[in-house]
Amino acid sequence: MTSTTRLTVAQALVRFLSAQYTERDGTRHRLIGATWGIFGHGNVAGIGQALVEYGDVMPYHQGRNEQAMVHAAVGYARQSGRLSTHAVTTSIGPGATNLVTGAALATINHLPVLLLPGDVFAARPADPVLQQLEVPYAGDVSVNDCLRPVSRYFDRITRPEALIPSALQAMRVLTDPVETGAVTLALPQDVQAEAYDWPEEFFAERTWVVRRPGADPTELAEAVRAIRGARRPLLVAGGGVHHSRAEAALAEFAAVTRIPVASTQAGKGSLRFDHPQDVGGVGHTGTATADELARTADLVIGVGTRYTDFTTASGTLFAHPDVRFLNLNIAPYDGHKLAGMPLIADARSGLMELTAALDMHAYQVGASYVAEYTEDKERWEQRVDACYEADEPDVRPTQPQVLGVLDALVDESDVIINAAGSLPGDLHKLWRARSRDQYHLEYGYSCMGYEIPAAIGVKLAAPERRVWALVGDGTYLMMPTEIVTAVQEGVAIKVLLVQNHGYASIGGLSEETGAERFGTAYRHRAADGAFTGAPLPVDLAANAASLGMRVLRAKTVSDLREALAEARDADTPTCVYVETQTADTVSGPPPAQAWWDVPVAETATRPSAVKARELYERHVWTRRRHL
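Residues numbered from 1 in each chain as written. Predicted model: local features only at pLDDT ≥ 70, side-chain atom pairs only at ≥ 80, totals over all residues. Heavy atoms only, no water.

J.: Honestly, the overall build of the protein in this entry has me stumped. Any pointers?
T.: A tally of helices and strands in the protein yields 24 helices and 23 strands. The C-alpha radius of gyration computed for the protein amounts to 25 Å, which stays within 12% of the reference 25 Å derived for 627 residues, consistent with globular compactness. Principal-axis analysis of the C-alpha atoms gives the protein an extent of 75 × 70 × 55 Å. Contacts in the protein between residues far apart in sequence, at least 24 positions, make up 76% of those at least 6 positions apart. Carbon and sulfur atoms provide 52% of the accessible area of the protein, an area that totals close to 25,000 Å². If you average the places of the 57 positive and of the 74 negative side-chain charges in the protein, the two averages end up 3 Å apart. (Helix = DSSP H or I, 4+ residues; strand = E, 2+ residues; numbered from the N terminus. Rg over C-alpha atoms; globule rule 2.2 N^0.38 Å. Contact = heavy atoms within 4.5 Å. Areas by Shrake-Rupley, 256 points an atom, 1.4 Å probe, with all protein chains shown as cover. Lys, Arg positive; Asp, Glu negative; His and termini not counted. Charge placed at Lys NZ, Arg CZ, Asp CG, Glu CD.)

J.: Can you help me understand a nonpolar patch on the surface in this one?
T.: Side chains of F39, V44 and Y60 sit close together on the surface and give an oily, nonpolar patch of about 240 Å² of accessible area. By relative accessible area, V44 is classed as partly exposed at 45%. (Patch = residues over 30% accessible without salt bridge, like charges linked within 9 Å, V, L, I, M, F, W, Y side chains within 5 Å. Salt bridge = Lys/Arg side-chain N within 4 Å of Asp/Glu carboxyl O. Buried < 20%, exposed > 50% of the residue type's maximum accessible area, 1.4 Å probe, protein only.)

J.: What is the right way to look at the side chain of R465 in this model?
T.: Within the element layout of this structure, R465 appears in the loop between α18 (451-461) and β20 (466-472). Within the structure, the side chain of R465 is placed 2.6 Å from the backbone oxygen of S413, a separation counted as a polar contact. Each residue touching R465, except ones within four places of it in the same chain, is listed here: Q79, E412, S413, D414, V415, S435, D437 and K459. (Polar contact = N/O pair within 3.5 Å; in protein donor to acceptor, adjacent residues only side chain to side chain.)

J.: Is there a simple way to think about the sheet that holds strand β4 (residues 32-37) in this case?
T.: Each strand in a sheet pairs with its neighbour through backbone hydrogen bonds, running either in the same direction (parallel) or in the opposite one (antiparallel). Spatial strand order, β5-β4-β6-β7-β9-β8: six strands in an open sheet with parallel pairing. For this open sheet the edge positions go to β5 (60-62) and β8 (153-156), each flanked by a neighbour on one side alone. Sheet twist, expressed as the average angle between the axes of neighbouring strands with direction ignored, equals 20 degrees. Inspection of the sheet shows strand β7 (residues 113-119) paired to strand β9 (residues 182-188) by five bridges, in the parallel sense. Each bridged residue has a counterpart across the sheet, and for V113 the counterpart in β9 is A182. (Pairing = 2+ DSSP bridges. Axes fitted to C-alpha atoms, helices over the stretch in contact; angles between N-to-C directions.)

J.: Looking at this model, I keep getting lost on unusual backbone geometry. Mind explaining?
T.: Excluding glycine, most residues fall at negative phi; most peptide bonds, likewise, are trans. Cis geometry is found at the peptide bond from D127 to P128, where omega equals 10 degrees. With respect to the secondary-structure elements, P128 resides in the loop between β7 and β8. Backbone geometry places R245, a non-glycine residue, at a positive phi of 55 degrees. Relative to the helices and strands, R245 resides in the loop between α9 (239-243) and α10 (247-257). Of note in the backbone geometry, A362 takes a positive phi value of approximately 55 degrees without being a glycine. By secondary structure assignment, the location of A362 is in the loop between α14 (347-360) and α15 (367-388).

J.: Is there a simple way to think about the environment of G304 in this case?
T.: Considering the arrangement of structural elements, one finds G304 in the loop between β15 (299-303) and α12 (309-312). With a relative accessible area of 15%, G304 lands in the buried category. Not counting residues within four places of it along the chain, the set of residues in contact with G304 comprises G238, G239, G240, L328 and N329.

J.: Where do I start with the packing of aromatic side chains in this structure?
T.: Two descriptors summarise a pair of aromatic rings, namely the distance from one centre to the other and the angle between the planes of the rings. Scanning all chains against the criterion turns up twelve aromatic pairs. Aromatic pair F310 and Y443: ring centres 5.2 Å apart, planes at 70 degrees, arrangement edge-to-face. In this pair, F310 is assigned in helix α12 and Y443 in the loop between β19 (439-441) and α18, connecting sequence segments 133 residues apart. Using a relative accessible area of 12% as the deciding quantity, one classes F310 as buried. Ring plane angle 65 degrees and centroid distance 4.5 Å describe the contact between F310 and W596, whose orientation is recorded as edge-to-face. Taken as a pair, F310 in helix α12 and W596 in the loop between β23 (574-579) and α24 (607-620) lie far apart in primary sequence, 286 residues in all. Judged by relative accessible area, which is 25%, W596 ranks as partly exposed. A network of ring pairs unites the aromatic residues F16, Y196, W198, F202 and F203 as a single cluster. Stacked on the ring of F203, the Lys or Arg R15 has its end atom at 4.2 Å from the ring centre. If you follow R553 out to its NZ or CZ, it ends over the ring of Y577, 5.8 Å from the centre. (Phe/Tyr/Trp six-rings, centres within 6.5 Å; stacked < 30°, edge-to-face > 60°. Lys NZ or Arg CZ within 6 Å of the ring centre and 35° of its normal.)

J.: Explanation requested: the pattern of salt bridges in the structure shown.
T.: Opposite charge on two side chains allows them to pair when their charged atoms are near. Scanning the entire structure with this criterion turns up 31 salt bridges. With a shortest N-O distance of 3.1 Å, D25 and R348 are connected by a salt bridge. With a gap of 323 residues between them, D25 in the loop between β2 (20-24) and β3 (27-30) and R348 in helix α14 connect regions that are remote in the sequence. For D25, a relative accessible area of 46% gives the class partly exposed. Across the salt bridge formed by R295 and E292, the nearest N and O atoms sit 3.6 Å from each other. Of this pair, R295 and E292 both sit in helix α11 (residues 288-296), three residues apart, which is roughly one turn of the helix. Connected via shared salt-bridge partners are D25, R212, D346 and R348.

J.: Would you mind going over the packing of helix α16 (residues 399-409) against helix α23 (residues 557-569) with me for this structure?
T.: Helices that pack against each other are described as a pair by the angle of their axes relative to one another and the distance between those axes. The contact between α16 and α23 brings their axes to 10 Å, and the two run at 45 degrees. In terms of axis orientation, α16 runs oblique to α23. The element α16 and its partner α23 pack so that their crossing is right-handed. Residues Q401, V402, V405, L406 and L409 of α16 form the contact with α23, whose own contacting residues are V557, L560, R561, L564, A565 and R568. (Parallel < 35°, antiparallel > 145°, perpendicular 65-115°, else oblique. Left-handed = near helix turned anticlockwise from the far one by under 90°.)

J.: Would you mind going over the pairing of strand β16 (residues 324-329) with me for this structure?
T.: The side chains of a regular strand alternate between the sheet's two faces. Among the six residues of β16, five are classified as buried, and the element is accordingly described as predominantly covered. Here five bridges tie β15 to β16, and the two strands are oriented parallel to one another. Following the sheet pairing, G302 is matched in β16 by N327. One ladder, built from four bridges, connects β16 with strand β17 (residues 341-344); its direction is parallel.

J.: How should I be thinking about the environment of E200 in this particular structure?
T.: Inspection of the secondary structure assignment puts E200 in the loop between β10 (195-199) and β11 (206-209). Of the residues examined, E200 reaches a relative accessible area of 26% and is grouped as partly exposed. Measuring from C-alpha to C-alpha, the distance between E200 and D407 comes to 53 Å, with 207 residues separating the pair along the chain. If we ignore the near neighbours within four places in the chain, the residues touching E200 are S3, T4, T5 and R15.

Written out as structure tokens, the structure is:
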């Protein structure tokens with residue numbers, strides 16, 4: 001007879017999660033490293049009680065915002081190479097729906113996170129209960145169904161025994177390198193507290209092997225032929241390089257073939273900035289070097305990339321009339337994009353196989369091609385130096401100068417986190433990534449508010465690293481609440497808070513598209529009704545200090561150098577606050593080196609919109625479909 005243990009559903013789930021592990025390349029990791037939670041009537045007596053019951057095997061972190069808790073779990077998962085993540089539990093109602101944005105971010109970026117929202121009573125003893133959404137046409141719908149389209153796996157556990165197959169499926173998806181993303185197990189509050197006789201086998205340790213599939217021999221042979229036949233190949237490194245830990249394999253491939261390597265936002269750092277074949281970011285926020293190579297490439301080798309519109313410049317970047325695409329990707333969906341030749345394999349396995357085959361044929365690109373991109377890269381680095389240089393140390397810095405001061409201070413052990421605003425463009429163009437995981441940009445969803453909670457997650461995954469959250473004032477106002485969590489738990493993140501009085505990135509885009517920066521500045525309303533008055537007297541540094549963070553204010557470039565150095569050495573959560581010169585008073589970073597399609601009003605009376613539409617129509621005709 002099978003031995004059993006009588007536990008509630010919540011207790012069984014917590015105990016089950018504590019016994020799940022991953023393994024890749026012979027190294028074992030705990031799959032669910034901790035649980036984040038905010039408690040209410042939908043989970044306090046279930047998951048909350050279970051975390052008290054099993055606190056010795058399941059660490060707990062107290063969050064302040066449900067979306068932020070998901071961001072923290074995602075930051076932890078990315079820093080852990082997708083081999084470990086966190087669970088997030090919420091009450092029903094707004095607690096559950098607050099998960100949706102974080103879930104979308106996780107799924108879009110292929111990063112695992114386990115969501116455990118409370119749900120309404122399965123037995124329906126009272127209908128409706130507090131915070132329940134009533135749906136007249138369906139009795140089995142709750143607000144948690146909002147999580148279905150943003151989850152890679154979703155189930156509602158309406159009976160205790162249903163947890164067993166569902167929990168196993170959840171672990172399968174979390175550890176699948178193709179399918180992984182947000183996984184949701186919706187837990188009715190009465191079922192959470194219900195007891196059941198669980199088979200002991202359910203709680204046995206399980207190790208989920210994260211596979212590294214190699215390439216199909218036929219696809220590999222075709223890929224080798226395509227590369228050998230190319231005169232101007234360009235490799236585009238995406239986030240899959242990092243997920244696979246394929247950086248060393250990519251460096252070897254580049255050294256053997258001398259093929260230049262450009263990177264997406266997610267792939268930046270796949271090669272160190274000073275590797276001879278690294279040519280920087282590609283696409284709308286890329287470097288002139290990489291984008292010119294992309295325009296003239298006859299073969300684009302995409303490795304672990306989804307080819308977003310920023311990477312392809314909305315279908316205008318890869319302009320060679322005979323350009324072909326070779327896509328090394330573990331996901332067939334991405335491997336077939338742009339009518340490309342698929343090479344379906346793990347990034348590291350596929351690169352190693354390609355390198356061996358090409359080395360056997362003694363393949364390298366021509367010396368003139370190497371000289372061309374080497375010289376172009378040197379010219380771009382001079383432009384970076386010019387953006388970073390601050391001739392007058394006693395004046396307010398520009399945003400690129402802020403990055404330049406930080407760039408001069410950090411080493412390969414520092415991690416730089418950003419997600420939204422004007423900073424991603426500046427960082428992709430200018431930042432000199434020194435290690436595979438120094439550059440942590442969330443640009444799949446580009447979610448304002450990601451940076452601070454993600455920094456906490458990264459620091460929890462790598463406590464020995466110095467972790468910087470780079471945020472503008474717009475992003476900071478979205479979600480500063482997890483500063484309290486960092487202070488509470490003594491997680492010594494560093495926040496670099498850049499004040500430019502509004503949505504600088506969208507302000508620039510608004511101006512380019514004829515919307516005249518409408519609604520993008522943080523200013524008082526003027527007599528004519530527009531927001532063109534004096535800047536708002538909001539003191540974000542004081543706000544951060546009120547949440548318990550140590551704050552260092554910097555007014556000049558010299559101040560900034562001292563403050564960043566002090567923050568870097570701090571062993572408590574520390575914020576450096578700096579107000580920058582605005583783009584309309586000083587020259588900023590190099591402009592976009594490639595187009596991005598943001599449609600402009602087809603009919604308008606205002607001259608700015610008419611002019612913007614004329615420019616838009618000139619660009620849109622250069623767009624092509626690769627078939």
